[in-house]
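What follows is the residue order along each chain.
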Amino acid sequence: MNIFNNLVETLGSASFWINALQLILSLSLLVFVHELGHYSFARLFKMRVDKFYLFFNPKFSLVRWDPKNHKLGFFVKNPSEEKENAGEEALSSTVEPTTEPAAVEDGDKEKSTWRDTVYGLGWVPLGGYCSIAGMVDETTTAKELSAKPKSWEFRSRPAWQRLLVMIGGVLFNFLAACIIFGGMTYHYGDKYIPYENATEGMLFSPCAEKIGFRDGDIPLSADGKQLPVGNLQALLEAKQVKVLRNHKDTVAINIPEGYLLEANKEAEAEQKKDNPQLFMDYRVPMVIKSVVNGDGAAKAGLKAGDKLLSVNGVDAPDYRDFINLLAKNKNTTAVVAFERDGKVDSARVAIDDAGKIGIGVTPANEIFDVKYVDYGFFPSLSIGFKKGWNMLVDYITMFKYVFSKEGVKSLGSFGAIGSMFGGEINWYFFWFLTAYLSIILAFMNILPIPILDGGYVLFLLIEMVTGWKPSEKTMDICLRIGFYFIVLLMVFALGNDFYRFIIK
């Protein structure tokens, strides 16, 4: 019964549907780019592409366009092989449906063009496909190929051309990520607080404290290199991190091997809490920005610019510490120590029943020195490619943990990916995640697993080196094996999602 209630609660939440819509939009864009990569290289080498579809279309298509026969259809049934030449009636009676493109004769009399392709939009938003003539893939079996290869078919082309067609999707996904990062850099620029400017140091989670970090530490370097702001993975993957402690001592902290997984596990647990604690975050003092007339702070004589230090003698170096102390002392009058113009003083402040004293809080970017950097168009592209490459390297480095016990538990599917959007619309974060997912899609597709691009690439490399070319029947068998492997992997990942988001 609890599982059913959890399911109903999840499906009934606005954040679930916001995440789902953002996930569909993001993946639709990335799948389109991926298939466009295959299509572009196929057309570059004059191969015929039979179909180009966004989303899958079992039974019928939402939109189907056959430019060669000048036919556009909406809600069109998929024509069977026997009915292709005769045509097929659409579900919508107002628009004439498309048909499959007519066969192209071999030879130079008729060449393959973009008009030979049927373009469509399916109704199952889980991917898409680009069906290239003469290629054994998820849309075409060996039995469906003609006995005699045609000159414009995939199988008739040199191995190096087929190789470029197969890596086209991965290449386009990587380029898309770099372009997105470049666009974000050009539009938003860079705005960040350098670690050395965080005068109060950083706050660390219990997981970080277990290996030697202390609140107030300022990160200096990871394995001898300056630690980029925001690149937590560089810290977690390092062997040794140096920090400045108490503004005077340099301390070396050794990072245990495989520590990244433990930190990720803690992060997942923290996300379920009302006030999740990050592995490392800026420690921001409580500095008054404004005072509400008539409330406790104003009556006690506190002013804008005062830095609040403690409550009843308990130190509060971070604004979150101060808020928690107020909550513990609500409905009382507490002694609050504060710093004004370099001098420390105290005052008795009335705390209301909500744990408030009537002040506005100064944000971190108004307390610490923020670094602003704007970039031109070409420098933004350069930075975009650098960010894309670094993210790919980081993901490859992290991928080795998938084969560990904790890594298997952390595997997720659409639920895990969708939850990354945070349940709200934030365009900066949407584009960042889209670029990140594009990197993941590129890497996962190049893995040497049959049915993925990497499986084809592996066979093509063997052919180029040894001269041995697998038969269509061999490819058919390998694709079936790869298909079942991917299905099992997806079922396992979906099971993890169900357990993580519904049962737990």
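The structure under discussion appears in the preceding block.
Because the structure is predicted, anything quoted here is derived from the model rather than measured.

Draft legend 1. Focus on the pattern of salt bridges. One pass over the structure, following the stated rule, counts 12 salt bridges. Measuring nitrogen to oxygen at the nearest pair gives 3.9 Å for the salt bridge that ties Lys387 to Asp190. Note that Lys387 is positioned in helix H9 (residues 377-399) and Asp190 in strand E6 (residues 190-192), a separation of 197 residues in sequence. Between Glu262 and Lys210 there is a salt bridge; the shortest N-O distance is 3.3 Å.

Draft legend 2. Quick look at the packing of helix H3 (residues 159-188) against helix H12 (residues 427-445). Here H3 crosses H12 at 160°, and the two axes come no closer than 8 Å. Taken together, the axes of H3 and H12 lie roughly antiparallel to each other. Here H3 runs over H12; the crossing is left-handed. Taken together, the residues of H12 that come into contact with H3 (itself represented by Val170, Asn173, Phe174, Ala176, Ala177, Ile180, Phe181, Met184 and Tyr188) are Trp427, Tyr428, Trp431, Phe432, Thr434, Ala435, Ser438, Ile439, Leu441, Ala442 and Asn445. A class-by-class count of the residues in the contact of H3 with H12 yields 16 nonpolar, four polar and no charged.

Draft legend 3. Just the packing of aromatic side chains, in detail. Counted according to the given criterion, the structure contains 26 aromatic pairs. Plain terms: the ring middles of Phe377 and Phe378 are 5.2 Å apart, the flat faces sit at 85° to each other, and that makes the pair edge-to-face. Using a relative accessible area of 65% as the deciding quantity, one classes Phe378 as exposed. Between Phe430 and Trp431, the aromatic rings sit 5.2 Å apart at their centres with planes inclined by 80°, giving edge-to-face as the arrangement. The partly exposed category is assigned to Trp431, whose relative accessible area is 33%. Taken together, the ring pairs connect Phe32, Tyr39, Phe52, Trp65, Trp114 and Tyr119 into an aromatic cluster.

Draft legend 4. Molecular detail of the sheet that holds strand E2 (residues 60-66). Taking strand neighbours across the sheet as the criterion, the five strands line up as E3-E2-E4-E1-E5 in an open arrangement whose pairing is mixed. Since the sheet does not close on itself, it has two edges, and those belong to strand E3 (71-77) and strand E5 (124-132), each with one partner. Neighbour to neighbour, the strand axes of the sheet diverge by 15° on average, direction disregarded. In this structure, E2 lies alongside strand E4 (residues 118-121), joined through three bridges in antiparallel fashion. Across the sheet, Trp65 pairs through a bridge with Tyr119, a residue of E4. Against the sheet, helix H2 (residues 14-44) touches strand E1 (49-56), E4 and E5, its axis set at about 170° to E1.

Draft legend 5. Highlighting H3. The terminal C-alpha atoms of H3, which comprises 30 residues, lie 43 Å apart, in line with the 44 Å expected from a rise of 1.5 Å per residue. The largest bend along H3 reaches roughly 40° and is located at Gly168. Two residues or fewer past H3, Gly189 is found with a positive phi of approximately 70°.

Draft legend 6. Representation of the pairing of E5. Across the nine residues that make up E5, a large majority, seven, are buried. Pairing geometry for E1 and E5, over six bridges, is antiparallel. Opposite Tyr53, over in E5, you have Tyr129 as the bridge partner.

What counts, and at which threshold
Residues numbered from 1 in each chain as written. Predicted model: local features only at pLDDT ≥ 70, side-chain atom pairs only at ≥ 80, totals over all residues. Heavy atoms only, no water. Salt bridge = Lys/Arg side-chain N within 4 Å of Asp/Glu carboxyl O. Helix = DSSP H or I, 4+ residues; strand = E, 2+ residues; numbered from the N terminus. Axes fitted to C-alpha atoms, helices over the stretch in contact; angles between N-to-C directions. Parallel < 35°, antiparallel > 145°, perpendicular 65-115°, else oblique. Left-handed = near helix turned anticlockwise from the far one by under 90°. Contact = heavy atoms within 4.5 Å. Nonpolar A, V, L, I, M, F, W, Y, C, P; charged D, E, K, R; others polar. Phe/Tyr/Trp six-rings, centres within 6.5 Å; stacked < 30°, edge-to-face > 60°. Buried < 20%, exposed > 50% of the residue type's maximum accessible area, 1.4 Å probe, protein only. Pairing = 2+ DSSP bridges. Expected span 1.5 Å × (residues − 1). Bend = angle between axes of the 7 residues up to and from the residue.

Read these as spatial facts, not as claims about activity.
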